[in-house]
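# Coordinate analysis (summary)
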Amino acid sequence: MPASSSRRRRSRSSRRARWSSSSPAPRDCTVELSGKTKGKGKSFKLKRKSVDVPAAQKTKVKLKYAKGKKAVRKLKDLAAKGKLKTKVVATATDAAGNETTQRLKVKVKPKK
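Reference entry: report on the structure contained in this document. (Residues numbered from 1 in each chain as written. Predicted model: local features only at pLDDT ≥ 70, side-chain atom pairs only at ≥ 80, totals over all residues. Heavy atoms only, no water.)

## Side note on the overall build of the protein
So the rule is basically this: Numbered from the N terminus, helices here are DSSP runs of H or I no shorter than four residues, and strands are runs of E no shorter than two. Whether a residue is buried, partly exposed or exposed follows from its accessible area with a 1.4 Å probe, protein chains only, as a fraction of its type maximum: under 20%, in between, or over 50%, in that order. Contact definition: two residues touch when any of their heavy atoms are within 4.5 Å. To be clear on the numbers: accessible area is Shrake-Rupley with a 1.4 Å probe, and residue cover counts the displayed protein chains and nothing else.
Assigned secondary structure in the protein consists of one helix and seven strands. Ordered by position from N to C terminus, the α and β elements of the protein give β-β-β-β-β-α-β-β. Across the 112 residues that make up the protein, the buried fraction comes to 37%. Of the contacts formed within the protein by residues at least 6 apart in sequence, a portion of 60% connects residues at least 24 apart. Accessible area of the protein: about 7700 Å², with a carbon and sulfur share of 47%.

## Side note on helix 1 (residues 69-81)
Operational definition: Helix span is expected to be 1.5 Å times the residue number reduced by one. The arc under discussion is defined with respect to the helix axis, by the directions toward the C-beta atoms.
Between its terminal C-alpha atoms helix 1 stretches 19 Å, which fits the 18 Å expected from 13 residues at 1.5 Å a residue. Considered for burial, the residues of helix 1 that qualify are A71, V72, L75, L78 and A79. Buried residues in helix 1, looked at end-on, bunch into an arc of 130°, giving them a common side. For helix 1, the exposed residues set more than 90 degrees away from the buried face come down to K69, K70, R73, A80 and K81.

## Considerations on the nonpolar core
Applicable threshold: Buried residues of nine kinds, namely Ala, Val, Leu, Ile, Met, Phe, Trp, Tyr and Cys, make up a nonpolar core once their side-chain atoms join them within 4.5 Å.
The biggest cluster of nonpolar side chains holds 22 residues, and the ones touching the most others in it are V31 and L33. For this core, the secondary structure elements donating two or more residues are strand 3 (29-39), strand 4 (42-53), strand 5 (60-63), helix 1, strand 6 (84-94) and strand 7 (99-108).

## A word on the pairing of strand 7
Sheet faces and side chains relate simply in a regular strand, where the side chains alternate between the two faces. Quick note on the threshold: We treat two strands as partners when DSSP finds at least two bridges between them.
Only one face of strand 7 is covered, namely the face carrying T100, Q102, L104, V106 and V108; the face carrying E99, T101, R103, K105 and K107 is uncovered. For strand 6 and strand 7, the ladder comprises 10 bridges, and the chain directions are antiparallel. Residue pairing for strand 7: T86 is matched across the bridge by V106. Between strand 6 and strand 7, which pair antiparallel and follow one another directly, the connecting turn spans four residues, one of which, G97, has a positive phi of 95°.

## Digging into the environment of G97
Within the secondary structure, G97 sits in the loop between strand 6 and strand 7. With relative accessibility at 45%, the residue G97 sits in the partly exposed group. Separated by 68 residues in sequence, G97 and C29 place their C-alpha atoms 9.3 Å apart.

Here you go:
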């Protein structure tokens, strides 16, 4: 099975969601990422992204919002008023077909 882990993070940016594997996978694998951001009764989806991850290397991936600049403007307003929560789901699949799924939660705090 591909091994990777991720940590909970706090972010002050509302433009993109970021995912990074904190431990490298022992074999080459493909990671599919998706997610959404919620806050004050509104929800914004992140664009689905698939990334090939080489064996024994850490990887950082940036996900963009599906609605682009409209979503970013609304998220900035929501972030200024209160907290936002982003959930990212990463599914890693190696050449043998083994799958590992991880979920990452990120809290976005308003700027002070």
